[in-house]
Amino acid sequence: MRTLITGGAGFIGSHLAERLVELGHEVYAIDNLWTGKLSNVAKIQSNKRFHLVVDTILNESVMNELVFKVDHIYHLAAAVGVLNIMDHPVETLDINVKGTETVLRLANRFKKKVLIASTSEIYGKHVGHSLAEDDNRVMGTVKKRRWAYACSKTLDEFLALAYYDEKKLPVVVARLFNTVGPRQTGRYGMVLPNFVQSAILGKPITVFGDGTQTRSFCHVRDVVEALIKLMDEARAEGDVFNVGNDHEISIKDLAQRVKEMTRSPSEIEFIPYEKAYGPGFEDMQRRCPNVEKLKNLIGFKPNHDLEAIIQSVIDYFKE
Ligand code: UDP
């Protein structure tokens, strides 16, 4: 199989590329290295079945050639990281909206199957129970920048499903919940790499807000296995799937677990949201996926529990 991964030098994209090369695929990766890094693909760079193109997915002629060449496309390229999104609202909207439009239009030109990576952000402020694919979305005001990201990814989903319904293009939408593991950088605000780095360095572990907000973390390798199975499953076409681990933890408990597992002397410090992200920020109080649909279709079962997840991130930063 010839596979194109947009965002192939990113955190998730590089793990996916590695796994697909291992499975015998010919992998083409395109990445503009905005948040992706060459070091992410260092392990596979010399493999004859891996090809990296450093360019933007908005470059039509390059994308046209790549899409023509491959059998299917994992579309992972997007603006990522809450801090990044708050700092770069124009680029965020540009890449998430025009980028996905380009991928789908070209995929349709050559009738190539596409898996679109979406996000749990699209559920917005929905709280109260684990989130299922058909739940309503609860968005904040347009004055709060965070929602631009959620809306842009929602539009990506609408567009993908529209291509499926109207043009018969085979598409699958995977809504990724908090994905963590080796190679994820803390630079764009993600919580686990930040906590682990601070703990190792003996710096304060900074919990934003009161720390009662919850998240559910899934190891990147478990996510990658789910994406590959979804791509290979014809019954997934034209549909949307949550991808994540349904084990939920509060952020203050996560800080404590990281502190214990690293045997760190670091203090756990509570920082108001405005100080962390600037004015106009709203957080999600709770976010846990309902993964029944994914379990029923592909028998999804994450192999890494929270302890293994945290340990893999500790090992990565210690290395
Ligand atoms: N967070 C935190 N300290 C940090 C980074 C993040 O307390 O150094 C909090 C953040 O406010 C959010 C949670 O951890 O409530 C998860 O943040 P992340 O950016 O990793 O993911 P997302 O908010 O997109 O779920």
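My aim in this report is to walk through the structure given alongside it, one point at a time. Residue numbers here run from 1 along each chain, matching the order of that chain's written sequence. Per-residue local features are limited, in this predicted model, to residues with pLDDT of at least 70; the limit for side-chain atom pairs, both in listing and counting, is 80 or more; totals at the level of whole chains, interfaces and linings are taken over all residues. Computation of side-chain values covers all heavy atoms of the structure but excludes hydrogens and water.

## Overview of the overall build of the protein chain
Here's step 1: Assigned secondary structure in the protein chain consists of eleven helices and 13 strands.
Here's step 2: Each residue is placed in one exposure class: buried if its accessible area under a 1.4 Å probe, protein chains only, is under 20% of its type's maximum, exposed if it is over 50%, and partly exposed if it falls in between. Evaluated residue by residue, the protein chain yields a buried proportion of 54% over its 319 residues.
Here's step 3: When the accessible surface of the protein chain is summed, it comes to about 13,800 Å², and 50% of that surface belongs to carbon and sulfur atoms.
Here's step 4: Within the protein chain, the 41 negative side-chain charges are centred at a point lying 2 Å from the centre of the 41 positive side-chain charges. In this text, helices come from DSSP runs of H or I with a minimum length of four residues, and strands from runs of E with a minimum of two, each type numbered from the N-terminal end. Method for areas: the Shrake-Rupley scheme with a 1.4 Å probe, in which residue coverage is limited to the protein chains shown. For this count, His and the chain ends are skipped, Lys and Arg are scored as positive, and Asp and Glu as negative. In plain terms, the charge of a residue is placed at NZ if it is Lys, CZ if Arg, CG if Asp and CD if Glu.

## A short note on the site of the ligand
Here's step 1: Inspection of the region around the ligand gives 19 residues, with Thr-206, Phe-208, Arg-215, Asp-283 and Arg-287 positioned closest.
Here's step 2: Distance and chemistry together define a polar contact, namely a pair of N or O atoms within 3.5 Å, with one atom able to donate a hydrogen and the other to accept it when in protein, and with adjacent residues in sequence counting only for side-chain atoms on both sides. A distance of 2.8 Å separates an oxygen atom of the ligand from a polar atom in the side chain of Asn-178.
Here's step 3: Among the elements of the structure, helix 6 (191-201), strand 8 (205-208) and helix 9 (273-277) are those that each provide at least two residues to the shell around the ligand. Working definition: residue near molecule or strand if any one of its non-hydrogen atoms lies within 4 Å of it.

## A short note on the side chain of Ser-14
Here's step 1: When you line up the elements, Ser-14 lands in helix 1 (residues 11-22).
Here's step 2: Should any heavy atoms of two residues lie within 4.5 Å, those residues are considered in contact. Ignoring any residue separated from it by four or fewer positions in sequence, one finds Ser-14 in contact with Gly-8, Ala-9, Asn-40, Val-41 and Arg-183.

## Observations regarding unusual backbone geometry
Here's step 1: For Leu-33, which is not glycine, the phi dihedral falls at a positive 60°.
Here's step 2: Relative to the assigned elements, Leu-33 resides in the loop between strand 2 (26-31) and strand 3 (50-54).

## Regarding the sheet that holds strand 2
Here's step 1: A pair of strands counts as paired when DSSP detects no fewer than two bridges linking them. Judged by pairing direction, the sheet is parallel, and its seven strands sit side by side in the order 3-2-1-4-5-6-11 without closing on themselves. What marks the edges here is a single partner per strand, and that holds for strand 3 and strand 11 (239-243). Sheet twist, expressed as the average angle between the axes of neighbouring strands with direction ignored, equals 20°.
Here's step 2: Relative to strand 3, strand 2 runs parallel, the two sharing five bridges. Its bridge partner lying in strand 3, Tyr-28 is registered against His-51. An axis is simply a line fitted to the C-alpha atoms; with a helix, the fit covers only the stretch in contact. Between two such axes, the angle follows the N-to-C directions and lies from 0 to 180 degrees.

## With respect to the nonpolar core
Across soluble globular proteins, you tend to see nonpolar side chains buried next to one another.
Here's step 1: Formed by 36 residues in total, the largest nonpolar core has its most connected members in Tyr-74 and Leu-230.
Here's step 2: Here this core takes eight residues from helix 7 (residues 220-232), the largest share from any one element.
Here's step 3: Sequence-distant contacts of Tyr-74, defined by excluding residues within four places in its chain, comprise Thr-3, Leu-4, Ile-5, Thr-6, Leu-16, Leu-20, Leu-115, Leu-227, Ile-228 and Met-231.
Here's step 4: To qualify as a nonpolar core, a set must consist of buried Ala, Val, Leu, Ile, Met, Phe, Trp, Tyr and Cys residues joined through side-chain atoms within 4.5 Å. Membership of the second largest hydrophobic core comes to 26 residues, among which are Ala-79, Leu-104, Leu-106 and Val-114.

## Some details on the side chain of Glu-121
Here's step 1: As for its placement among the helices and strands, Glu-121 is situated in the loop between strand 5 (113-119) and helix 5 (146-167).
Here's step 2: Residue Glu-121 is classed as buried on the basis of its relative accessible area, which comes to 6%.
Here's step 3: Polar contacts involving the side chain of Glu-121 include one to the side chain of Arg-287, which spans 3.0 Å.
Here's step 4: With residues up to four places along the chain from it excluded, the contact list for Glu-121 reads Met-139, Arg-146, Trp-147, Tyr-149, Ala-150, Met-284 and Arg-287.

## Thoughts on the layout of surface pockets
Here's step 1: Cavity and pocket criteria rest on a 1 Å grid covering protein atoms alone: a 1.4 Å probe that fits but cannot get out defines a cavity, protein on both sides within 12 Å along at least 5 of 7 lines defines an open pocket, and an atom within 4 Å of a point defines a lining residue. Grid points are joined across faces, edges and corners, and a volume is the space filled by probe spheres set on the points. Roughly 240 Å³ of internal volume is contained in the largest pocket.
Here's step 2: Lining the largest pocket are 13 residues, and of these Lys-43, Pro-182, Arg-183, Tyr-316 and Glu-319 sit closest to its centre.
Here's step 3: Elements supplying a minimum of two residues to the lining of the largest pocket: helix 1 and helix 11 (306-318).
Here's step 4: In terms of residue count, the dominant contributor to the lining of the largest pocket is helix 11 (three residues).
Here's step 5: Residue classes follow a fixed rule: Ala, Val, Leu, Ile, Met, Phe, Trp, Tyr, Cys and Pro count as nonpolar, while Asp, Glu, Lys and Arg count as charged, and any other residue, Gly among them, counts as polar. Looking at the lining of the largest pocket residue by residue, the class counts come to two nonpolar, four polar and seven charged.

## What to know about helix 2 (residues 60-69)
Here's step 1: Buried within helix 2 are the following residues: Met-63, Leu-66 and Val-67. Down the axis of helix 2, the sector holding all buried residues measures 95°, keeping them to one side. Facing away from the buried side of helix 2 by more than 90 degrees, the exposed set consists of Ser-61, Glu-65 and Phe-68.
Here's step 2: At its buried positions, helix 2 is contacted by strand 1 (2-6), strand 2, strand 3, strand 4 (72-75) and helix 4 (89-110). Arc definition: directions from the helix axis to the C-beta atoms.

## Here we look at the pairing of strand 11
Here's step 1: Across the five residues that make up strand 11, a large majority, four, are buried.
Here's step 2: Summarising the sheet, strand 6 (residues 171-176) and strand 11 pair through five bridges and their orientation is parallel. Note that in strand 11 the partner of Val-173 across the bridge is Val-240.

## What to know about the environment of Asn-40
Here's step 1: For Asn-40, the position within the fold is in the loop between strand 2 and strand 3.
Here's step 2: Separated by 28 residues in sequence, Asn-40 and Ile-12 have C-alpha atoms that sit 9.6 Å apart.
Here's step 3: The residues contacting Asn-40, other than those within four sequence positions of it, are Ala-9, Gly-10, Phe-11, Ser-14, Glu-18 and Arg-183.
Here's step 4: A polar atom in the side chain of Asn-40 sits 2.8 Å from the backbone oxygen of Ala-9.

Keep in mind these numbers describe shape, not what the thing actually does.
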